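# Structural characterization, general
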Amino acid sequence: VPEGTKPATLVVSRDSPLDATGAQSQLLAASRACILSCYFESASGTKMMQGKRVEGGEGHGPRKEFFIAASADLMKRWRVQEVDVFTTSVVGSGNRITFEAGSGSAEVLDILKKTRVGDRIFLQCEGHADIAGTVTLKVGANTLVLDKPFVCEVSGSCRFELQRPSVPLFEFHRGTGQTWFSAYATELDGSQGKDLRDRYRSLGKLMSLALANHCKLGFVLPTVFFRLLLRRQVSFSLEDLKGFDDALHASMRKCLKMKPVHFQDLKEVEGLSAEVTREDYVQRQVLQTLSPVAMDEIRDGFESLISPDVLCNLTPGELRQMLCPTDATAKSITIRHIFEVILEDEMAECPAFVEAFWSVLERFSVEEKRLFLMFVTGVETPPEPGTEQLLIQLPFSAFSQDEYLGMLDMLPQAHTCTNTLELPNYHEALLQSGRVPEDASHARLVKELTNLLGFKLRLAIHETAGYELDGIFGADRGPHSPAPADASGPVFSPPGEPAGAFAAVVRPVELQAWRLPNCLGDEIGEDNQIQGDNSASSVLPFSLTTSTFGAEKQCLPLKEGQEQRHGVNELLEDLDSLLNTPAF
């Protein structure tokens, strides 16, 4: 990255990160490599970027996720065009589906007007089976004919998703078991030629930016791709197909032995001139397979941001390793060898905690290690060994026995922007809470820590759901909407009980039961919303929990034996304690 180059902010959709009007246009306009600051759109996000609500995550984690999501976008065969929710009546019979007029008729007619033959629709109606199919005919303004029969008669709120066919730039290649150009890579002069050239060129720039940002694509390309990209190989022969596409290699060998009359028939079928020889035909097939014209567009985009001179000492294999998740299918992952692991002093000075931590990680299955990588770094593929740090911190404090007991209920947290894993100090909590005697042997302490940390860390990596609590409850909830029913239970479940999907991202704080001060009793309703109509009792108990980005109220009954707190001074004291708990 040239010195003095400022980071570029990129706000994208997770579903279509390379939308032609968004990231792709920015990539095509880029004239130099830079560091990307990536944000994902979210209707329930708590942060605003470029006039859009976005997820709370930022830094290297979302940056890596962007390149993974963009890679998947290159292989999509269907792209979401419209998503709408409206109230209507739907009647289906045979292959026909008719939308009746209703309170949402305007929205219905608008999205049906945009629907084309060949599009695919998904219709989800409350309490009814989903309807999905490809549109084969439009009848009038409110009837669609689909490619499959069904019977339905529903009325109520419906979610309508419209998808349109998309041209994939790459696809799975059976010969190599990796990813290679789709058939469209040789069709850059057709009706979609300009769009395809722009997309391939933007891919070249995406690869340059991936290098500059120390990120990888989401799929593996064969080494021959990088020989072409670096201009290390400019000519190919039939033998180059061997090992790449053995079936095509065998077919072309037979073509060279084809009788003249049969070859003449082949040329007539494919519209080739009479002057084309068998050798010419085979060479043409080899070049279209191994060096399609789309490669020129990719190379132009790649070299527009990175000079070929910068990479002159880099081998194709090394560039492939830097850009592709070549270890994605590895049968073993060793965390301590992949990362430069930095332990906070408080943990490093506790041999039993360190021993238990590594014991837990080393006992993880490969799948659990991938979940751990996803939890800590944002992607499940490991980085190149020695290129990234993994920070282990103990940021939480406790001073009383009750607080230490509360710490035992806490889950680990992670910040993917810096590859940071935050652990409650389970070692200190076990001793100070009395769960383990202070004179316990080293072996017993390691065993207790291993069991506790193993359970908590597994729960965290399996149940984590995002960057912030608000974003998990769904885009249809406003900032003051009550939490869903399944959010009212305990934040952390004991062994053997299921945990909520948001468990790993909720800041676990000792829950206090409250009696509202009289001055507030007239303003807070049973749904925790400002009322102003004296509808709430001044003794309504509620508890406070915190998410990564703020606090919210939840109505919870008093637990047996739990002291009820009341009064402004007590409220301010506990709010001060809660808000000064490290949140990031």
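That block above? That's the structure.
An account of the accompanying structure is given in this report.

Rules used throughout
- Residues numbered from 1 in each chain as written.
- Predicted model: local features only at pLDDT ≥ 70, side-chain atom pairs only at ≥ 80, totals over all residues.
- Heavy atoms only, no water.
- Pairing = 2+ DSSP bridges.
- Helix = DSSP H or I, 4+ residues; strand = E, 2+ residues; numbered from the N terminus.
- Axes fitted to C-alpha atoms, helices over the stretch in contact; angles between N-to-C directions.
- Expected span 1.5 Å × (residues − 1).
- Buried < 20%, exposed > 50% of the residue type's maximum accessible area, 1.4 Å probe, protein only.
- Contact = heavy atoms within 4.5 Å.

### Examining the sheet that holds strand 13 (residues 340-343)
- An order of 13-14-16-15 is seen for the 4 strands of this open sheet, with the pairing classed as mixed. Looking at strand neighbours, the two that pair on one side only are strand 13 and strand 15 (413-415), the edges of this open sheet. On average, each strand axis in the sheet is inclined to that of its neighbour by 20°, with strand direction left out of account.

### Remarks on unusual backbone geometry
- A positive phi angle is found at Gln50, which is not glycine, with a value near 50°.
- Mapped onto the secondary structure, Gln50 falls in the loop between strand 3 (47-49) and strand 4 (52-54).
- Unusually for a residue other than glycine, Arg231 sits at a positive phi of about 60°.
- If you trace the backbone, Arg231 turns up in the loop between helix 5 (223-229) and helix 6 (246-256).

### Side note on helix 17 (residues 442-463)
- When the terminal C-alpha atoms of helix 17 are compared, their 31 Å separation across 22 residues agrees well with the 32 Å that a helix rising 1.5 Å per residue should span.
- Listed as buried for helix 17 are Leu445, Val446, Leu449, Thr450, Leu452, Leu453, Gly454, Lys456, Leu457, Leu459, Ala460 and Ile461.
- Buried residues along helix 17 sit in contact with helix 13 (351-363), helix 14 (366-377), helix 15 (401-408), strand 16 (420-422) and helix 16 (426-432).

### Quick look at the pairing of strand 14 (residues 389-393)
- Taken together, the 4 bridges between strand 13 and strand 14 define a ladder with parallel strand orientation. Along strand 14, the bridge assignment pairs Ile342 with Leu391.
- Where strand 14 lies against strand 16, 3 bridges are found, and the strand directions are parallel. Pairing of Gln393 across the sheet is with Glu422, part of strand 16.

### Focus: the pairing of strand 7 (residues 120-125)
- Where burial is concerned, the two faces of strand 7 differ: the one with Ile121, Leu123 and Cys125 is buried and the one with Arg120, Phe122 and Gln124 is not.
- Bridge analysis of strand 7 against strand 8 (residues 131-139) gives 4 bridges, and the strand direction is antiparallel. Looking at the pairing, Leu123 lines up with Ile131 of strand 8.

Remember that the coordinates give geometry; whether it matters functionally is a separate question.
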